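So you can see what is in the structure, the chains are spelled out below.
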Amino acid sequence: MPDDMTMKAGERTPVPATPQTGETAPRPAVTTPRGPHTLIAENSFTSAPRRDPEIVRRILEDPRMHDHRDGFQSCIQCGICTSGCPAARFTEYSPRETARRALEGDESLLTDDAIWYCFSCYTCQSRCPRGNSVAVINQIVRSLQVEIGSGRRHVEMFAQWCAAFYDKGMGGNPHLMFPGVSEAWGEQWLESMDRLLEVREKLGLGDLYPPRNVVAEVQTIMEETGFKERLAAVRGDGPSAHGGDSILASR
Ligand code: SF4
Ligand code: SF4
């Protein structure tokens, strides 16, 4: 049937042919609308997730969850997190869905690219009536994705910056690692970066980087927390961030 908006004056709406006795009227094609709600329905009803209790355990045991463990386990699926989430507004990502799937240990989280749309603004955490933090859950699930390899492509562009952080106790100058970004910032910025040490010396600001004892402390933290191993895995220098005892590595 033509669209009413495109019909010209004087045109009549075509009448569909009446099926003859014994004929079956053709069924109209059913089109399923796609969107966040379709995704929720698919996740909730049409495909039971494979569940891995280790995912729940790793989230609960992570130190970053120390203020949010009760909230994580008592999420009421109110959706307040999603209603204020800037990432959910423009993508298929849903913090409420993430909270539910994480609590269920849904394995599909380990390969879900949508969690990388979160940019850690913490709006969800500040608004959650139960004290849950999807922002932190995302950080942990991302770590698990990096650990098993599915998320490495999301972070490998930062590997050089992280290596500089380990070597010097702070990240290096962006133009040494992200040439595209420095081009966007312009020639004047590039020139100031090239003269950075000279300008600092003139202003009496001292060394750009922390002293060796501070660097050693930073390195200890990065080693104890598994950061160095994870970095090696991302750069292809190591087999896995957590070795063979990880349930995620054994998948
Ligand atoms: S706001 Fe909190 S309680 Fe509500 S759905 Fe999100 S995580 Fe769950
Ligand atoms: S921290 Fe992430 S999940 Fe939470 S509101 Fe911000 S973008 Fe959304």
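Look up: the structure comes first, before these words.
Nothing here was measured: the structure is a model prediction, and the numbers come from that model. Position numbers for residues start from 1 in each chain and track the written sequence from start to end. Working convention: letters from A go to chains and numbers from 1 go to ligands, in the order in which they are written. Only residues with pLDDT of at least 70 get local features here, since the model is predicted, and only at 80 or more are side-chain atom pairs given and counted; chain-wide, interface and lining totals rely on the full set of residues.

J.: Is there a simple way to explain the site of ligand 1 in this structure?
T.: Every one of the 15 residues lining ligand 1 counts as a neighbour, but Cys75, Cys78, Cys81, Cys128 and Asn132 are closest to it. Going along the chain from the N terminus, every DSSP run of H or I of four or more residues is numbered as a helix, and every run of E of two or more is numbered as a strand. Contributions of two or more residues to the shell around ligand 1 are made by helix H4 (80–83) and helix H6 (95–104). Looking at the shell around ligand 1, the element that brings in the most residues is H6, giving 3 residues. Here the residues of the shell around ligand 1 are counted per class, giving 10 nonpolar, 3 polar and 2 charged. In this text, near has one meaning. A residue is near a molecule or strand if its C-beta atom, placed using the backbone, is within 6 Å of it. Residue polarity is assigned by list, with Asp, Glu, Lys and Arg as charged and Ala, Val, Leu, Ile, Met, Phe, Trp, Tyr, Cys and Pro as nonpolar; anything else, Gly included, falls into the polar class.

J.: What exactly am I supposed to notice about helix H14 (residues 212–224) here?
T.: Expected helix span is computed as 1.5 Å times (number of residues minus one). End to end, H14 covers 18 Å across 13 residues, agreeing with the expected 18 Å (1.5 Å per residue, within 8%). Burial is judged by counting other C-beta atoms within 10 Å of a residue's own C-beta: 20 or more means buried, 12 or fewer means exposed, and anything between counts as partly exposed, with every C-beta placed from the backbone. When you tally the buried positions in H14, you get 0 out of 13 residues, a small fraction of the element. One or two positions beyond H14, positive phi appears at Gly226, with a value near 85°.

J.: When you look at the site of ligand 2 in this model, what are you seeing that I'm missing?
T.: In the neighbourhood of ligand 2, 14 residues make up the surrounding shell, with Cys85, Cys118, Cys121, Cys124 and Ala135 lying closest. For the shell around ligand 2, the elements supplying multiple residues, two or more each, are helix H5 (86–90), helix H7 (123–127) and helix H8 (134–148). It is H8 that contributes the most residues to the shell around ligand 2, 3 residues altogether.

J.: Even after reading the chapter, I still don't get unusual backbone geometry, so can you show me in this structure?
T.: Negative phi characterises most residues that are not glycine, and trans characterises most peptide bonds. Backbone geometry at Gln77 places phi at a positive 55°, although glycine is not the residue there. Examined against the element boundaries, Gln77 turns out to sit in the loop between helix H3 (69–73) and H4. Residue Gln77 is classed as exposed on the basis of its 12 C-beta neighbours within 10 Å. Although it is not a glycine, Ser120 sits at a positive phi angle of roughly 55°. Tracing the chain through its elements places Ser120 in the loop between H6 and H7. Look at Ser120 and you get exposed, because 12 C-beta atoms sit within 10 Å.

J.: So what exactly am I meant to see when it comes to the nonpolar core here?
T.: Among the nonpolar cores identified, the biggest contains 25 residues, and Ala102 and Ile137 are the most heavily contacted of them. At the level of elements, helix H2 (53–61), H5, H6 and H8 are the ones that each hand at least two residues to this core. Looking at which element gives the most residues to this core, the answer is H8, with 7 residues. Residues are treated as contacting if the C-beta atoms built from their backbones sit within 7 Å of each other. Once residues lying within four places of it in the same chain are set aside, the contact partners of Ile137 are Ile59, Thr98, Ala99 and Ala102. Each nonpolar core comprises buried Ala, Val, Leu, Ile, Met, Phe, Trp, Tyr and Cys residues, the members being joined through C-beta atoms within 7 Å. Counting residues in each nonpolar core, the second largest holds 5 residues, with Val146, Leu231, Ala233 and Val234 among its members.

J.: It is not clear to me how the packing of H2 against H8 should be interpreted in this structure. Could you clarify?
T.: Helix-helix packing is characterised by the crossing angle of the two axes and by the distance between the axes. Axis lines are fitted through C-alpha atoms, for helices just across the contact stretch, and the angle between N-to-C directions can take any value from 0 to 180 degrees. Between H2 and H8, whose axes approach to 10 Å, the crossing angle comes to 125°. By the criterion of interaxial angle, the relationship of H2 to H8 is oblique. Here the hand of the crossing between H2 and H8 comes out right-handed. Between H2 and H8, the residues in contact are Ile55, Arg58 and Ile59 and Ile137, Ile140 and Leu144, respectively. Partitioning the contact of H2 with H8 into residue classes produces 5 nonpolar, no polar and 1 charged. Here the angle decides the label: under 35 degrees means roughly parallel, over 145 means roughly antiparallel, 65 to 115 means roughly perpendicular, and every other value means oblique. Helix crossings get a hand from a simple test, with the near helix turned counterclockwise from the far one by less than a right angle marking a left-handed crossing and a clockwise turn marking a right-handed one.

J.: Please explain the packing of helix H10 (residues 159–168) against helix H15 (residues 227–234) as it appears in this structure.
T.: Packing of H10 against H15 leaves a shortest axis separation of 10 Å and a crossing angle of 145°. Note that H10 runs across H15; the crossing there is left-handed. Together, Ala159, Cys162, Ala163 and Tyr166 of H10 and Lys228, Leu231 and Val234 of H15 make up the contact between the two elements. Residues belonging to the contact of H10 with H15 are distributed by class as follows: 6 nonpolar, no polar and 1 charged.

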